[in-house]
Amino acid sequence: MSQEQAAEKNVPVIELRHVDKHYGDLHVLRDVSLSVQRGEVVVVIGPSGSGKSTLCRTINRLETIDSGQILIEGELLPQEGRELARMRSELGMVFQQFNLFAHMSILDNVTLGPREVLGQPKEEAEKHALELLARVGVAEQAHKVPAQLSGGQQQRAAIARSLAMRPKAMLFDEPTSALDPEMINEVLDVMVELARGGMTMIVVTHEMGFARRVADRVVFMADGQIVEEGAPDDFFDHPRSQRARDFLDSIKGH
Amino acid sequence: MGLSELLSTYGEKYLQGLLATWSMTAVSFVFVMALAVVVTVARVSPYRPLRVVGDLYVQVFRNIPGVALLIIIAYALPELRIVLDWRTCVIVTTILLGSAFGSENFMSGINTIGVGQIEAARSLGLTFTQIIRRVVIPQALRTTVLPMTNLLIAVMLTTALGSQVPLSPQELTGVVSYVNTRATGGILAFLVSALCYVGTAFVISLVGNRIDKRVRILR
């Protein structure tokens, strides 16, 4: 199905149907169903160990699932192999630990995907990469290696690396959790910008301010289940479940 | 027999020996590195049979004494109609032993890369081969310069196995045997070859350290 057809039929960009996953005895995802429409920003929150990171990682199959279905624009996520690689290239992913390639310059980090996977010529890939690096504010660092950058700069470069693939959607797995406090905002600003630009996003985060400001929908997870979901103001001001009330109480008031 | 007499009589022989050791070391090391890469890729591949073969290769060739392997290659392979000349026998032995250790070096280099970078590469849509070629091997090479320097020295010392077969020209240790069967060079004959080995190893480690400083990956 082409992108236009998918949009016309209102097919979700990302859809999970009754997804279950165990780590040994631990039931990390319990019958999770979620669908994300084009341009929608879904923020997933919940206590640690609630399965929210796992949920994020199953969407591009960095984690396999035991049962259920995951569909990208109506297509089932394929098994390991070339098809899966292609599907992954259409979903951007940003990690807690940035995971930039340590032996490459920032510019090479950003051009690797487009050159290797999309077969873009070097000049074209570098031109696009420099635009993206400028957009996230690290253009001056293009020729440095990751270890020479601050955490915030590395994470912004990692976002540029994902964007270089022109993804259909972006997955953020706790993108600010490994950052020093003064660097969190510079990364969130880039994400706000992206959201405003219409990017489809799933964001796993502890940044409640960001969720309130940017999310179209907040999904609250606990014990591997989606306990409740709704518009951010509804959720934060009038949480329906006791679990959500306890969670929100536990993180405020310091 | 004094040093000056030893050198005036056998100096040229020693020089030939040193050159033979150097050339066998160089040829062996090129193949050691190439084979170590191949074996290591097999050991980290997603295909279990390949991983098993790779692990088995390392376990076998890391645990056979050089002399035993040389005897197998020089005297047992001809039974299978595989006849190699003496020099090739020594080189093949050195390659098989060295590449097993080389692969272990690479494995420890790969372990420093961290699963996060591999996941990032997968999430960009890179295939296994692309990840190995662009992310894993470059980093494994650059983080293992010092262990590989040691391996190069070990490879050089392993070529002394050449003294156990009739090589022409002989390598350094073979030259010592040659000298000691003809004259009473005694300990002095060994000392000259030892100096050649130590001198070479010194230069190798000097160069290795330089390269390591140049290519080391900042973390």
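Our subject is the structure that appears above.
First, a word on what this report is: a plain description of the structure on this page. Because the structure is predicted, anything quoted here is derived from the model rather than measured.

1. Notes on helix 9 (residues 186-215) of chain B
- With 30 residues, helix 9 of chain B should cover 44 Å at 1.5 Å per step; its first-to-last C-alpha distance of 44 Å lies within 8% of that length.
- Check the buried side of helix 9 of chain B and you find it contacts helix 1 (3-44), helix 6 (128-143), helix 7 (145-158) and helix 8 (172-182) of chain B.

2. Remarks on the packing of helix 4 (residues 106-116) of chain A against helix 5 (residues 122-135) of chain A
Residue and element names in this part refer to chain A.
- One can describe the packing of helix 4 onto helix 5 by two numbers: an axis separation of 9 Å at closest approach and a directional angle of 125°. In terms of their interaxial angle, helix 4 and helix 5 are classed as oblique. For the element pair helix 4 and helix 5, the recorded crossing hand is right-handed. Side by side, helix 4 and helix 5 meet where I106, L107, V110, T111, P114 and R115 of the first sit next to K122, A125, E126, A129, L130 and L133 of the second.
- The residue inventory of the contact of helix 4 with helix 5, partitioned by class, reads 8 nonpolar, 1 polar and 3 charged.

3. Thoughts on the interface of chain A and chain B
- Taken together, the 27 residues of chain A in the interface contact 21 residues of chain B.
- When the two sides are added together, the surface that chain A and chain B hide from each other amounts to roughly 2100 Å², 60% of it contributed by carbon and sulfur.
- Looking at the side of chain A facing chain B, the largest losses of area belong to F101(A), H103(A) and E116(A), adding up to 29% of the total buried there.
- Counting across the chain A and chain B interface gives 9 residue pairs in polar contact (both at pLDDT 80 or more).
- Among the elements of the structure, helix 3 (82-89), strand 6 (91-94) and helix 4 of chain A are those that each provide at least two residues to the side of chain A that touches chain B.
- Element by element, the count of residues in the side of chain A that touches chain B is highest for helix 3 of chain A, at 4 residues.

Calculation notes
- Residues numbered from 1 in each chain as written.
- Chains lettered and ligands numbered in written order.
- Predicted model: local features only at pLDDT ≥ 70, side-chain atom pairs only at ≥ 80, totals over all residues.
- Heavy atoms only, no water.
- Helix = DSSP H or I, 4+ residues; strand = E, 2+ residues; numbered from the N terminus.
- Expected span 1.5 Å × (residues − 1).
- Contact = heavy atoms within 4.5 Å.
- Axes fitted to C-alpha atoms, helices over the stretch in contact; angles between N-to-C directions.
- Parallel < 35°, antiparallel > 145°, perpendicular 65-115°, else oblique.
- Left-handed = near helix turned anticlockwise from the far one by under 90°.
- Nonpolar A, V, L, I, M, F, W, Y, C, P; charged D, E, K, R; others polar.
- Buried area = accessible area lost by both parts, 1.4 Å probe.
- Polar contact = N/O pair within 3.5 Å; in protein donor to acceptor, adjacent residues only side chain to side chain.

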